[in-house]
Amino acid sequence: MNIFRILGDVSHLLAIIILLLKIVKSKSCAGISGKSQILFALVFTTRYLDLFTNFISVYNTVMKVRSCHLPSLPQVIFLICAYVTVYMIYVKFRKTFDSENDSFRLEFLLVPVTGLSFLENHSFTPLEILWTFSIYLESVAILPQLFMISKTGEAETITTHYLFFLGLYRALYIANWVWRYHTENFYDQIAVVSGVVQTIFYCDFFYLYVTKGR
């Protein structure tokens, strides 16, 4: 049993739960980047399209793990949570959304990620290109949130906890890939490199998180 993968998935789920609870309890989306959440929704949508093309049973759809690439907790949970979060930000609590400071240009991420997905992938098929797109996009999806924090110069404690567990999830998945390489001789260059890039983006945040005792 790969403890790094399990802890990584738990950290990912905790991050999502923390964010949703923050929005529901405070009835506010203040400090949260809607653009980052849109990107994460796009990540899960493009990564899990095979749920619909390779339907076997309801159980398999809910509990399915894509063993050849990135294992995950139930995929449907991530999809639902992603779209619920976007709904809360742009519909239910839209009056509390700080659109002025959530100003990162998404095309600066989507255009190069799309191009790279066509150039560097495991196989040139629609589902594989979309899966590759989701991996590349996940590595940069948090940038609008980090940009928003740097622009405002502040972040609520609950938001920093969300970012901490999200970053921890990526760091643990690097350990997961190292473990799988040594135990299974399995190595996915696209997933590993993208995970390293994403973790690097969190390094400065991790330092501030620890030193400030958030």
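Residues numbered from 1 in each chain as written. Predicted model: local features only at pLDDT ≥ 70, side-chain atom pairs only at ≥ 80, totals over all residues. Heavy atoms only, no water.

> What's the story with the confidence of the model for the protein in this structure? I'm lost.
Detail in the predicted coordinates should be disregarded across regions flagged by low pLDDT. Residue-level pLDDT values for the protein average 84, and 84% of them are 70 or greater. Scored below 50 in pLDDT, residues 56-73 makes 47 contacts in the model with residues more than four places away or belonging to other chains. (pLDDT = per-residue confidence, 0-100. Contact = heavy atoms within 4.5 Å.)

> Teacher, can you tell me more about empty space enclosed by the protein here?
Over the atoms rolls a probe the size of a water molecule, and in doing so it shows where empty space is left. Following the criterion strictly, the structure yields three cavities of 30 Å³ or more and no others. Along the wall of the largest cavity there are 13 residues; nearest its centre are Ile16, Gln37, Phe40, Phe44 and Tyr162. For the lining of the largest cavity, the secondary structure elements donating two or more residues are α1 (3-26), α2 (34-47), α5 (75-92) and α9 (157-184). Here the lining of the largest cavity takes four residues from α5, the largest share from any one element. A class-by-class count of the residues in the lining of the largest cavity yields nine nonpolar, three polar and one charged. (1 Å grid on protein atoms, 1.4 Å probe; cavity = no way out; pocket = protein on both sides within 12 Å on 5 of 7 lines; lining within 4 Å. Points joined across faces, edges and corners; volume = space filled by probe spheres on them. Helix = DSSP H or I, 4+ residues; strand = E, 2+ residues; numbered from the N terminus. Nonpolar A, V, L, I, M, F, W, Y, C, P; charged D, E, K, R; others polar.)

> Please explain the nonpolar core as it appears in this structure.
Most often, soluble globular proteins have nonpolar side chains that are buried together. Phe44, Tyr162 and Leu166 are the most contacted members of the largest nonpolar core, which has 50 residues in total. Going through the elements one at a time, α1, α2, α5, α6 (107-119), α7 (126-140), α8 (143-152), α9 and α10 (189-211) are the ones with two or more residues in this core. It is α5 that provides the largest number of residues to this core, a total of seven residues. (Core = buried A, V, L, I, M, F, W, Y, C linked by side-chain atoms within 4.5 Å. Buried < 20%, exposed > 50% of the residue type's maximum accessible area, 1.4 Å probe, protein only.)

> Honestly, unusual backbone geometry in this entry has me stumped. Any pointers?
Glycine aside, a negative phi is what most residues show, and trans is what most peptide bonds show. Not every positive phi belongs to a glycine, and Lys27 is a case in point at roughly 50 degrees. Tracing the backbone shows Lys27 in the loop between α1 and α2. In the Ramachandran plot, Asn185 falls in the positive-phi region, its phi being about 55 degrees despite a non-glycine side chain. With respect to the helices and strands, the residue Asn185 is situated in the loop between α9 and α10. Taking the relative accessible area as the measure of exposure, Asn185 reaches 61% and is therefore exposed.

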